[in-house]
Amino acid sequence: MTTGILLQIAQTLAAILLAPLLMGWVNQCRAWLQGRSAPPITQPYRTLRKLFHKDAVIAHNASPLFRFAPYMVFACMALAAGLVPTIANDLPFSPAADAIALVGVFALARVFLALAAMDIGTSFGTLGARREMLVAFLAEPALLMVFFTASLISQSTELPTIVETLAHKEFVLYPSMAFAAVAFWMVSTAENARIPVDNPTTHLELTMIHEAMILEYSARHLALIEWAVALKLFTYSALGIALFLPWGIAPQGELNALPLAVLALVAKMAVGGAALSLLEAISAKVRLFRAPEFLGTAFLLGVLGMLIHFLLEV
Amino acid sequence: MTLSLTYHLQVVNFLAAMLLLIAFAMLSQRRIVGLVTLFAWQGAALSLSTAIVAWSTDQHHLYYSAALTLILKVIAMPWYFYRLVKKLDVDRDVEPMINIPTTMLIGIALVIFAFNLALPISEMSGTVTRSTLGIAMASVLLAFLMMITRSKAIPQVIGFLAMENGLFFAATSATYGMPLVVELGVALDVLVGVFVLGIFFFQIRETFDSLDLKHMEKLKEK
Amino acid sequence: MEIYWVLGIPFTGGVFLALWGNRRNAPEINALFSFLTLLAAGLLTARIVEHGPLMVGGEGWFFIDPFNVFLVALTAFVAFTTALFSRPYMRIEKEHGRLTDKRLRLYHASYQIFIGAMLLALTTNNMGILWVSMEAATLATVLLVSLYRTPASLEAAWKYFILCGVGIALALFGTILLYFAAEKILGSGGTALLWTHLNGVKSQLEPTVLQLAFVFLLVGYGTKVGLAPLHNWLPDAHAEGPTPISAVLSGLLLNVALYAVMRSKVLVDGALGAEDGQGMAGNLMMGFGLLSVVLAAFLIKRQTDVKRMFAYSSIEHMGLVTFAFGMGGAVASFAGLLHMTMHSLTKSAIFFAVGHATQSAGTQVMDGIRGLIKTHPTIGWGLMLGTVAILGVPPFGVFASEFLIITTAMHEHPWATPFLLLALGVAFASIFGKVQPMVFGETELPRLPHQPALTPVFMHLGLVLMLGLFIPPYLATWYRQAAALLGG
């Protein structure tokens, strides 16, 4: 039990600490693919340090919610990172929430961020919040469909059971998971404000979604939000790995599988990050009014995955 | 979960799912070249799955069918279409007549319909790949939907050929393929059909200076 | 052996005309090949009449029984007379500058291939090959419909190709389902799709699968029959293609497609244990048939193009035949077969006359064609008599078959009779009202410089008249045998 708790803490901490590294790696890959000279992989850490050392500037009419939101968002992401089986499976904390609750945790963070964005009353903040809610409103059902497909296979919505079924039982090809995987990729680009739904590097008012919400933040608040963004990307990647490439995650109580699990995780994250930047490089950002179409497709693919499951795998 | 299928049959199931996925991708594809590429991929999935079924059930005539699909639908026809598109210079973004999300929703409804329709039949089938019959049926209906929603000549024809793909897949999955002589006949017909079409495209373009079928809506009941 | 001649001659003709079709005497060669086909078909018919059903080749690749041999004979006959008609007709088209030698070569070659494909569809025993040859027949005629290369003809050909392509793809799915059901009883391989084998075990075939298969086959082949609501291609293709093609499409292709439906129906009825042809298949056919009759009759009223109008009349009559076959039973099937024959002969005769009339008037619009009786008395009389015949005026044969169909309907399905009578009445009023001024109206049109080939017209109408007055006993027996095969 103690080892379990220790492992749980270690995994969560590792996620929090490594998340900016993944972000740095993605940015680096992207710079290479675009033919730019790449920033060092540790660039996100430097940005965070710089931001933490600055003095926060806050609008006069900001309510306490505005100050509170970054902490809430960060906490939610840290919680989510603790829930997803990253290195070891079936940690003591995982029964606290299943896949559906996990979606709720993400939603909670989003609600606070959107409220904070509207708090100051600038037009950009409201615009960003509105767009974010539009995207989230479409992305969440699709994400749920992906989870349902996986749950139907393993007959449980608990993430550890899903990983257990997919990784540690007899190998079976699940066609439904192929659909779920495509849907998941589409949803995660939307949720993480990546191309083709949003562009993390743009500050163009016509297109930005996520960046518009956090324009008013500075210093440590901004640092926390940036960190939470990196953590969200990390958690989503871990989630994707857990659902679609779960091989290597250490089964419950097998400590000697841990080194291999860590190695597998690093390798998968590296490949995943590179793939993400590659996909971003080759796809164009869709116009905002096409985003519903994009996410609608993701939802349909999720539904199709379930249908396929009923047809082929029962 | 009571899955006791062998691996190659899992692969066939997987390819069946891919076939459906590609059918949906075709529905949402706006560009003709993209459509041709997807069509080639669909042919490849079909050919591969036919070959695997042939291998796993030791049905030799299916190898010919697989080879035929590979040559015709993966190499010859896409190549021909690419050339046609280039020659006729028609590759632009085309908005379908019904917007894409609606089309996709109709598509899902069709898939559910097809699965339900296929269920009693696949229960009777003796083949190991029977559960894919529903997918084949769904691909046929989706291709049909694509034909209805497109107003350009080439996408309509690709829809038609995708429909044929679905039919071939149905034949493979439900009955291990049709008798060889029938399959050869069908392939011959498809081939002739495509060439007739090629001639036809040029005639249409010569006359209308476009391949948009919207110019061809004069013959109607008043 | 005759069967190989019947199939070999048109295909050889197709190849020959494709290679040497730009010679001056290509129309004569075309007619010659058609005549040889007719000769072979006659020999085949004689043999069947004498010896009964026949299976030829390998494990029985070809199967001839009274039902299809009657259609083979009809097909070969109309193909021959149409070739005779097309000889002067196409010459005039060429002189008017609407066609070139190259296109005539395409026309003649495709014509022979088309006839060959239809004959193959009729004689093959394999339901798969039946599908293949139906598709081949479609492909052979696509480029014929667009022969004039006008925008309208291209549009018609495109519609024809796509609609019939989709239809025929559905029929393929039906065939696959049929094979699926057959394979479990007959084992896999080439013989499982042979109709004779299927017919032998039809009561053991899985009914649910066969029902589904029949729905697909009916919708698929029904598209080619021109059954409403899948009839959209038919008026366009008839109106925009060259007239000889309209004649063979109407007179022959529709029959062959209906033949395919009937072959499937026999199997489904067997599987469902339907007595007397009554059952799901028959009801479906009756529904589609009735819908076509009514819809076409009301659409006829609105036509301004003469060929389009008669195309709708074809839909109406095919609907009537489908309805008759759907009712099943000895009398209705007999009437259906008779009506099929009458319609083929009469409708092609009408198209021949219409072809000459439009050629001399230079338009297909009915308002532009007036007073044929003064400018071209023979064409005028031909058109008038043909119209009267197709409208079911006694003593022409169409009257006999329509009378039989309607009395049977009154007896067995009284609910359908008012619809049928109403539709026939509407069709009668509108067609007669439109043809009458074309023939007897005032005009100052010049005379046609060429002597029109009206022998085929009067040959057909004479036959129709004769069959209306008196059906030779051997012919009646033959029809009865065929009707019995359809589950009568």
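Residues numbered from 1 in each chain as written. Chains lettered and ligands numbered in written order. Predicted model: local features only at pLDDT ≥ 70, side-chain atom pairs only at ≥ 80, totals over all residues.

Colleague: An account of the overall build of chain B is requested, with residue identities and associated values reported.
Modeller: Tallying secondary structure elements over chain B gives 7 helices and 0 strands in all. Helices and strands appear in chain B in the N-to-C order α-α-α-α-α-α-α. Evaluated residue by residue, chain B yields a buried proportion of 53% over its 222 residues. Taking contacts inside chain B between residues at least 6 apart in sequence as the whole, the part at least 24 apart equals 73%. (Helix = DSSP H or I, 4+ residues; strand = E, 2+ residues; numbered from the N terminus. Buried ≥ 20, exposed ≤ 12 C-beta atoms within 10 Å, placed from the backbone. Contact = placed C-beta atoms within 7 Å.)

Colleague: Go over the overall build of chain A with me, naming the residues and quoting the values.
Modeller: Assigned secondary structure in chain A consists of 11 helices and 0 strands. Moving toward the C terminus, one meets the helices and strands of chain A in the order α-α-α-α-α-α-α-α-α-α-α. Its C-alpha atoms give chain A a radius of gyration of 19 Å, within 12% of the compact-globule value 20 Å for 314 residues. For chain A, the spread of C-alpha atoms along the three principal axes comes to 60 × 45 × 40 Å. Contacts spanning at least 24 positions in sequence make up 80% of the contacts within chain A whose residues lie at least 6 apart. (Rg over C-alpha atoms; globule rule 2.2 N^0.38 Å.)

Colleague: Quick rundown of the arrangement of the chains? Include the residues and the values.
Modeller: Contacts are most numerous, across the 2 pairs of chains in contact, for chains B and C. In this structure chain A stays clear of chain C, and the shortest span between their C-alpha atoms is 19 Å.

Colleague: How would you summarise helix 17 (residues 417-440) of chain C if you had to cite specific residues and measurements?
Modeller: All names here are of chain C. In this model, helix 17 (24 residues) spans 33 Å end to end at C-alpha, consistent with the 34 Å of a helix rising 1.5 Å per residue. Inspection of helix 17 places Leu 420, Ala 423, Leu 424, Ala 427, Ser 430, Ile 431, Val 435, Met 438 and Val 439 among the buried residues, and these make up the whole buried set. Its buried side turned inward, helix 17 meets helix 11 (280-300), helix 12 (306-327), helix 14 (372-375), helix 15 (377-390) and helix 16 (397-412). (Expected span 1.5 Å × (residues − 1).)

Colleague: If you had to explain unusual backbone geometry to someone new, which residues and values would you point to?
Modeller: With an omega dihedral of 0°, the bond running from Ala228(C) to Pro229(C) counts as a cis peptide bond. Along the polypeptide, Pro229(C) turns up in the loop between helix 8 (207-225) and helix 9 (233-240). In this chain, Pro394(C) is followed by Pro395(C) through a cis amide linkage whose omega measures 10°. Looking at where Pro395(C) falls in the secondary structure, it is placed in the loop between helix 15 and helix 16. In this model, Gln155(A) sits at a positive phi of 60°, which is unusual for a non-glycine residue. Within the element layout of this structure, Gln155(A) appears in the loop between helix 5 (123-154) and helix 6 (159-168). Unusually for a residue other than glycine, Arg149(C) sits at a positive phi of about 55°. With respect to the secondary-structure elements, Arg149(C) resides in the loop between helix 5 (127-145) and helix 6 (151-186).

Colleague: So what's going on with the nonpolar core? Which residues, and what values?
Modeller: If you look at the biggest cluster of nonpolar residues, it comprises 376 residues, and the most contacted ones within it are Ala142(A), Ala183(A), Leu295(A), Leu19(B), Met118(C) and Ile176(C). Sort the elements by how many residues they give to this core and helix 6 of chain C lands first, with 23 residues. For Met118(C), the residues in contact, after removing those within four places along its chain, are Thr75(C), Ala137(C), Leu252(C), Leu253(C) and Val256(C). (Core = buried A, V, L, I, M, F, W, Y, C linked by C-beta atoms within 7 Å.)

Colleague: Talk me through the interface of chain B and chain A; I want residue IDs and the actual numbers.
Modeller: With 21 residues of chain B in contact, the opposing surface of chain A contributes 16 residues. Every element with two or more residues in the side of chain B that touches chain A is listed here: helix 1 (7-28), helix 4 (100-124) and helix 5 (133-149) of chain B. A breakdown of the residues in the side of chain B that touches chain A according to their chemical character gives 16 nonpolar, 5 polar and no charged. (Nonpolar A, V, L, I, M, F, W, Y, C, P; charged D, E, K, R; others polar.)

Colleague: Which residues make up the packing of helix 3 (residues 61-88) of chain B against helix 7 (residues 180-208) of chain B, and what values go with them?
Modeller: Residue and element names in this part refer to chain B. Orientation of helix 3 relative to helix 7, taken along the N-to-C sense of each, is 5°, at an axis distance of 11 Å. Considering their axes alone, helix 3 and helix 7 lie roughly parallel with respect to each other. Taken together, the residues of helix 7 that come into contact with helix 3 (itself represented by His 61, Tyr 64, Ser 65, Leu 68, Leu 72, Met 77, Tyr 80, Leu 84 and Leu 88) are Leu 180, Glu 183, Ala 187, Val 190, Leu 191, Val 194, Gly 198, Phe 201 and Arg 205. In terms of residue class, the contact of helix 3 with helix 7 is made up of 13 nonpolar, 3 polar and 2 charged. (Axes fitted to C-alpha atoms, helices over the stretch in contact; angles between N-to-C directions. Parallel < 35°, antiparallel > 145°, perpendicular 65-115°, else oblique.)

Colleague: How would you summarise the packing of helix 7 (residues 175-191) of chain A against helix 9 (residues 219-244) of chain A if you had to cite specific residues and measurements?
Modeller: Residue and element names in this part refer to chain A. The contact between helix 7 and helix 9 brings their axes to 11 Å, and the two run at 180°. Regarding the angle of helix 7 to helix 9, the classification is roughly antiparallel. Along the contact surface, helix 7 presents Met 177, Ala 181, Phe 184, Ser 188 and Glu 191, while helix 9 presents Tyr 236, Gly 240, Leu 243 and Phe 244. In terms of residue class, the contact of helix 7 with helix 9 is made up of 6 nonpolar, 2 polar and 1 charged.

Colleague: Quick rundown of the interface of chain C and chain B? Include the residues and the values.
Modeller: The interface of chain C with chain B comprises 38 residues on the first partner and 38 residues on the second. Looking at the side of chain C that touches chain B, the elements that each hand over two or more residues are helix 5, helix 6 and helix 8 of chain C. Of the residues belonging to the side of chain C that touches chain B, the class tally is 22 nonpolar, 8 polar and 8 charged.

Colleague: Now, about the confidence of the model for chain B: what can you tell me, with residues and values included?
Modeller: Residue and element names in this part refer to chain B. Residues with a pLDDT of 70 or more make up 88% of chain B, whose mean pLDDT is 80. Mean pLDDT across the elements of chain B bottoms out in helix 7 (79) and peaks in helix 2 (residues 32-57) (88). Interface predicted TM-score (ipTM) for the complex: 0.84; the corresponding pTM is 0.82. (pLDDT = per-residue confidence, 0-100.)

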